[in-house]
Amino acid sequence: MRVIGIDPGSRRMGWGVVERVGTRLEHVAHGVIVAGTGELPGRLLTIDRELTEAVSAHAPSCAAMETIFFGKNAQSAVKLGHARGAAMVVLARAGLTIGEYQPTLVKRAVVGAGRASKEQLARLVTALLRLPNPPPEDAADALAVAITHANASRFAALVR
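Residues numbered from 1 in each chain as written. Predicted model: local features only at pLDDT ≥ 70, side-chain atom pairs only at ≥ 80, totals over all residues. Heavy atoms only, no water.

Describing the overall build of the protein
- The helix and strand tally for the protein stands at 5 helices and 5 strands.
- In the protein, the succession of helices and strands from N to C terminus is β-β-β-α-β-α-β-α-α-α.
- Taken against the 2.2 N^0.38 rule, which gives 15 Å for 160 residues, the C-alpha radius of gyration of the protein at 15 Å falls within 12% of a compact globule.
- If you line up the protein on its principal axes, its C-alpha atoms span 45 × 35 × 35 Å.
- Relative to its 160 residues, the protein shows a buried fraction of 44%.
- If you take every contact in the protein between residues at least 6 apart in sequence, the share linking residues at least 24 apart comes to 62%.
- For the protein, the exposed area adds up to about 8,200 Å²; of that, 56% sits on carbon and sulfur atoms.
- Side-chain charges in the protein split into 19 positive and 13 negative, and the spacing between the mean points of these groups amounts to 6 Å. (Helix = DSSP H or I, 4+ residues; strand = E, 2+ residues; numbered from the N terminus. Rg over C-alpha atoms; globule rule 2.2 N^0.38 Å. Buried < 20%, exposed > 50% of the residue type's maximum accessible area, 1.4 Å probe, protein only. Contact = heavy atoms within 4.5 Å. Areas by Shrake-Rupley, 256 points an atom, 1.4 Å probe, with all protein chains shown as cover. Lys, Arg positive; Asp, Glu negative; His and termini not counted. Charge placed at Lys NZ, Arg CZ, Asp CG, Glu CD.)

Okay, here's the thing in structure tokens:
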């Protein structure tokens, strides 16, 4: 099983790929799509192009993405929804099933606490995947989503 995890954002979108090898998870790749601060349609095109390249290069068998965190700014939530939609189209075009996880569930699954800090999450991802250095924040979040999905899928397969 090879999972691409997505940490959606309309300006910066993290992605990370992990693969289950036996009982271990191995790091494959990670990155951050910097869509910038221009007009939203141009940012969505950047997301589409760069995420398509990542999917093509690393050939995941499934995908996972964080759900929208509802904050106080409705405008930001709408833009985030558009970015998630662009990512979903890329993943669906590649024929991937998409698991969705709330941010607090991802933190709980990886760190053990739903209110863990971004730094704690990055440290645990670095340790779990035996990385030499912590990945950028958005990529660490995406790798955590991929780890959550890989572990949830493994558990689901065991209980069937």
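Having seen it, we continue.
Focus: the pattern of salt bridges
- This structure, assessed with the given rule, holds 8 salt bridges.
- Among the salt bridges present, the one from E50 reaches R49, with a minimum N-O distance of 4.0 Å.
- For E50, a relative accessible area of 27% puts it in the partly exposed group.
- When its relative accessible area of 44% is taken as the criterion, R49 is described as partly exposed. (Salt bridge = Lys/Arg side-chain N within 4 Å of Asp/Glu carboxyl O.)

Observations concerning helix α3 (residues 103–110)
- Of all the positions in α3, only P103, V106 and V110 are classed as buried. One face of α3 carries all of its buried residues, which in axial projection span an arc of 60 degrees. (Arc of directions from axis to C-beta.)

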